[in-house]
Amino acid sequence: MSKFRKGGGREVPGVNTSSLPDIVFMLLFFFMVATTTKESDPTVKVERPVGLKATDMTPYKQRSEIDFLYLGEPRNPSRAAEFKLGYALFLDNVLQPAAGELYNTNAISRWKKDKFESKPPRMKEKIENVITCVKADKSAPTILIFDIRDQLEKIDALTVAYAVEDNGVF
Amino acid sequence: MAKREIPEINAGSMADIAFLLLIFFLVTTTMEKDTAYVRKIPKKLELPQTDPIEKRNICDIAANNENQLLFRGIPMEDPDLISDKVLEFYQMNENLTKAQTIAALKNPGYKGSNFPFYSFTSKEEIEENVLTSETQLAEVENTPGVEEDVIEFKLKQLDEWLAKQKAAESYGKNILPEIHFQAHIRVEVMAETEYELFTKIQSEVEEAIYELRDFAAKDIFGESYGIIKKREAMDKTDKAGDKRKLKLLEVLYPARIIEVKPN
């Protein structure tokens, strides 16, 4: 024992870091649980308008009773001319013309129907209650919104939601 | 030979690995919530002629291609005023008694004559209406060659009366005050009205209805509408009877919004 005392100066003991991984893991799990991953990165520009008292869509997402579609100008400007009024729809990674024009007249109704029919039966709600959430750009002309509504009406998907940014909900 | 000791595993790098994962999730997380206004698209029904809608029951909000607003025929500069005006639309004749309502209806000079009036339905009357709609539905269903739409319409009417019956039960009082059944908000936009203004109108309408229901919720249940709504969404077992409460508020202040397609 006296061997150690010889040096004279007392050493500062190192901080015990063995619980550090635990702390970090705790943080990690928090973020893993709190995270919702984006379904896709739309190739259309969407700047959301601001609104108040909007309904939170998270519970519908959890029950997968909701389908999202994006409406905006294509990120690739050279493609803008292909679409009516320069706005394109983005459905499940595919750009579509917003209105019933060009090569695909019933893109939305077909998309929605496919999605509905591919769901397992136990998760099936009535199609009229399955929400279609339109995430449209601020400056999109509303006629396109009504075109979308028309297509949804045809297949009896009668619930539509207009996405906004609500800073009051958290 | 000396006894070999099993060396301890060095866990020093564990923290690094965990940090790496943590940072990955930090970066990929979007805290942004999806919020939206949920609306129903009305079903197309072919029906025999129904009553014409009185002008006082229409709350008309129009916007043109230049994003200018017209509220019940009067130009409006500031879209923030819509919610106040919608509140006024609902509340103008709300506090009249039954006798006052009858008198006001006869008096064309009354200041609230351009606003919807309230009806006062007693429990017995609701009961009666449920029975008549039931018999009407049965009648229609048994008529050969009747159109599907007519049946659906009758079914809807019955549902409405049943909802009112439930609402009257949870309201507790004998008389259920109710805005005129035709009263509705009509959003009329033009083809090139921007989505931003369209959602602004929706936002203002939503705000007004929220406020009305919140006021009623505090009055009847002593709780704010927001709390009831949130609890209803969280609690699947519905211990506090929130579904029933929300139904009542919806009957008292219905959000009848019609969006007219621009041509």
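For the structure itself, look to the data block above.
All of the points below concern the structure found in this document. (Residues numbered from 1 in each chain as written. Chains lettered and ligands numbered in written order. Predicted model: local features only at pLDDT ≥ 70, side-chain atom pairs only at ≥ 80, totals over all residues. Heavy atoms only, no water.)

### Some thoughts on the nonpolar core
Okay, so step 1: One finds Leu71 of chain A together with Ile61, Val86 and Tyr90 of chain B to be the most contacted residues of the largest nonpolar core, which totals 75 residues.
Okay, so step 2: Among the elements that make up this core, the one with the highest residue count is helix α6 (residues 195-220) of chain B (10 residues).
Okay, so step 3: Counting the residues that make up this core, at least three belong to each of domain 1 (60-117 + 180-263) and domain 2 (119-177) of chain B.
Okay, so step 4: Core analysis: the next-biggest nonpolar cluster, separate from the first, contains 14 residues, Phe90, Leu95 and Ile131 of chain A together with Ala36 of chain B among them. (Core = buried A, V, L, I, M, F, W, Y, C linked by side-chain atoms within 4.5 Å. Buried < 20%, exposed > 50% of the residue type's maximum accessible area, 1.4 Å probe, protein only. Helix = DSSP H or I, 4+ residues; strand = E, 2+ residues; numbered from the N terminus. Domains from an automatic or database assignment.)

### A word on the packing of aromatic side chains
Okay, so step 1: Scanning the entire structure with this criterion turns up eight aromatic pairs over all chains.
Okay, so step 2: The interplanar angle of 25 degrees and the centroid separation of 5.9 Å between the aromatic rings of Phe25 of chain A and Phe29 of chain A together place this pair among those described as stacked. Taken as a pair, Phe25 of chain A and Phe29 of chain A lie in helix α2 (residues 20-34) at a separation of four residues, close to a single helical turn.
Okay, so step 3: The partly exposed category is assigned to Phe29 of chain A, whose relative accessible area is 48%.
Okay, so step 4: With a centroid separation of 6.5 Å and an interplanar angle of 65 degrees, the aromatic rings of Tyr90 of chain B and Tyr253 of chain B are classed as edge-to-face. Here the residue Tyr90 of chain B occupies a position in helix α2 (residues 82-91), and Tyr253 of chain B occupies one in the loop between α8 (242-252) and β8 (257-260), the gap between them amounting to 163 residues. The same class applies to Tyr90 of chain B as to Tyr253 of chain B, namely buried.
Okay, so step 5: Put simply, the rings of Phe146 and Tyr162 of chain A together with Phe198 of chain B pair up and form one aromatic cluster.
Okay, so step 6: The ring of Phe68 of chain A is capped by Lys135 of chain A, whose NZ or CZ atom sits 4.7 Å from the centre of that ring.
Okay, so step 7: The ring of Phe115 of chain B carries the charged tip of Arg72 of chain B above its face, separated from the ring centre by 5.1 Å. (Phe/Tyr/Trp six-rings, centres within 6.5 Å; stacked < 30°, edge-to-face > 60°. Lys NZ or Arg CZ within 6 Å of the ring centre and 35° of its normal.)

### A look at the pairing of β8 of chain B
Residues and elements named next belong to chain B.
Okay, so step 1: Every second residue of β8 is oriented toward a common face, the buried set being Ile257 and Glu259 and the non-buried set Ile258 and Val260.
Okay, so step 2: Summarising the sheet, strand β7 (residues 184-188) and β8 pair through four bridges and their orientation is parallel. Counterpart to Glu188 in the pairing with β8 is Val260. (Pairing = 2+ DSSP bridges.)

### Some details on unusual backbone geometry
Residue and element names in this part refer to chain A.
Okay, so step 1: Even without glycine at this site, Lys53 takes up a positive phi of about 55 degrees.
Okay, so step 2: Its place among the elements puts Lys53 in the loop between β1 (44-45) and β2 (55-56).
Okay, so step 3: We note that Asp156 has phi near 65 degrees; this positive angle belongs to a residue other than glycine.
Okay, so step 4: Positionally, Asp156 belongs in the loop between α5 (142-154) and β7 (159-164).

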